[in-house]
Amino acid sequence: MQAYAMTDVGMNRSMNQDFIYFSTEPVGSLDNLFILADGMGGHNAGDFASRFVVEHLEAFFGKQYPDKDVHGILKEGIRVVNQDLYDTASRNPLLQGTGSTLVLATIKGSVLYIANIGDSRLYLLREELKQITKDHSYVEEMVALGKMRRGSRDYMEKKNIITRAVGTGRNVEADLFATKLRPGDTILMCSDGLSNMVDEFEMEYIIRSEDGLKQKTESLVEAANRSGGRDNISVILIEPQVSEVSV
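The rules we used
- Residues numbered from 1 in each chain as written.
- Predicted model: local features only at pLDDT ≥ 70, side-chain atom pairs only at ≥ 80, totals over all residues.
- Heavy atoms only, no water.
- Core = buried A, V, L, I, M, F, W, Y, C linked by side-chain atoms within 4.5 Å.
- Buried < 20%, exposed > 50% of the residue type's maximum accessible area, 1.4 Å probe, protein only.
- Helix = DSSP H or I, 4+ residues; strand = E, 2+ residues; numbered from the N terminus.
- Pairing = 2+ DSSP bridges.
- Axes fitted to C-alpha atoms, helices over the stretch in contact; angles between N-to-C directions.
- Phe/Tyr/Trp six-rings, centres within 6.5 Å; stacked < 30°, edge-to-face > 60°.

A. Examining the nonpolar core more closely. By size, the foremost hydrophobic cluster in this structure holds 29 residues, and its most contacted members are Ile-35, Leu-57, Phe-61, Ile-78, Leu-102 and Leu-104. Contributing elements (two or more residues each) for this core: β2 (18-23), β3 (33-40), α1 (45-61), α2 (70-90), β5 (102-108) and β6 (111-117). If one sorts the elements of this core by residue count, α1 sits on top with 7 residues. Counting 20 residues, the second-largest nonpolar core is a separate cluster that includes Ala-3, Phe-34, Leu-181 and Met-189.

Below is the structure:
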């Protein structure tokens, strides 16, 4: 397995409120771990929230949980950290309204396990680049109800309104996914600083290039900045390198 990650403040922001972590080595009961969070809630609160989520999840997952399966570990970790962030923010007026998106992944054998809250995304590149996670956003809810067209002016103006985040309530529900990996697959995790600035055709073109993972990651960030870089940009690229016989 190979992976590379990068976070960048972008062209317009003075502070990076994204936070990332990855390990291709075991973390507690997990064989590897990839986490990306995009904070929200004011100048300092967003920075606090994303860092809090990532560092506390890393600490939670660092322990052994022999009685839980992978999704059970992810679900419990998110439940605990969400409540910890909510309680912490509730005690500090400067942190009121703080919260964070979250997308995390871990691979066991040839199975990719994913959890997400908010609009940070995970894509899988196989025959084409496909978004696996589903955005928890106002516009996607309106699209699902048939009340808005994806890509319309109204959609573009309101696409940053998220409907679910870590730390904004005492309880939060994460979407959980599991998908079987194949040889040659590449995984892309990103904040909306990439997905709002670079279309999926360009993302796929960059990931399919002959460059190494580091250069591909840097090229994705450069593409977002070249398009305006209106937000912080975070990218994690993973090449699982599974074989057909992996279980």
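B. How the structure looks around the sheet that holds strand β1 (residues 2-8). Taken together, 5 strands build an open sheet; the order of strands is β1-β11-β10-β7-β8 and the sheet is antiparallel. Taken across any chain shown, the strands that pair with only one partner, and hence form the sheet edges, are β1 and β8 (129-131). Averaged over neighbouring strand pairs, the angle between their axes works out to 20 degrees when direction is ignored. With 3 bridges joining them, strand β7 (residues 121-125) and β8 adopt antiparallel strand pairing. Opposite Tyr-123, over in β8, you have Gln-131 as the bridge partner.

C. Molecular detail of the packing of aromatic side chains. On inspection of all chains with the given rule, the structure shows 4 aromatic pairs. For the pair Phe-48 and Phe-52, a centre-to-centre distance of 5.6 Å together with 40 degrees between the ring planes defines the contact as tilted. Of this pair, Phe-48 and Phe-52 are both found in helix α1, 4 residues apart, which corresponds to roughly one turn of the helix. Phe-48 gets classed as partly exposed once you look at its relative accessible area, which sits at 30%. Exposure remark for Phe-52: the relative accessible area of 9% places this residue in the buried category. Look at Phe-60 and Phe-61: their rings are 5.8 Å apart centre to centre, the planes differ by 85 degrees, and that puts the pair in the edge-to-face class.

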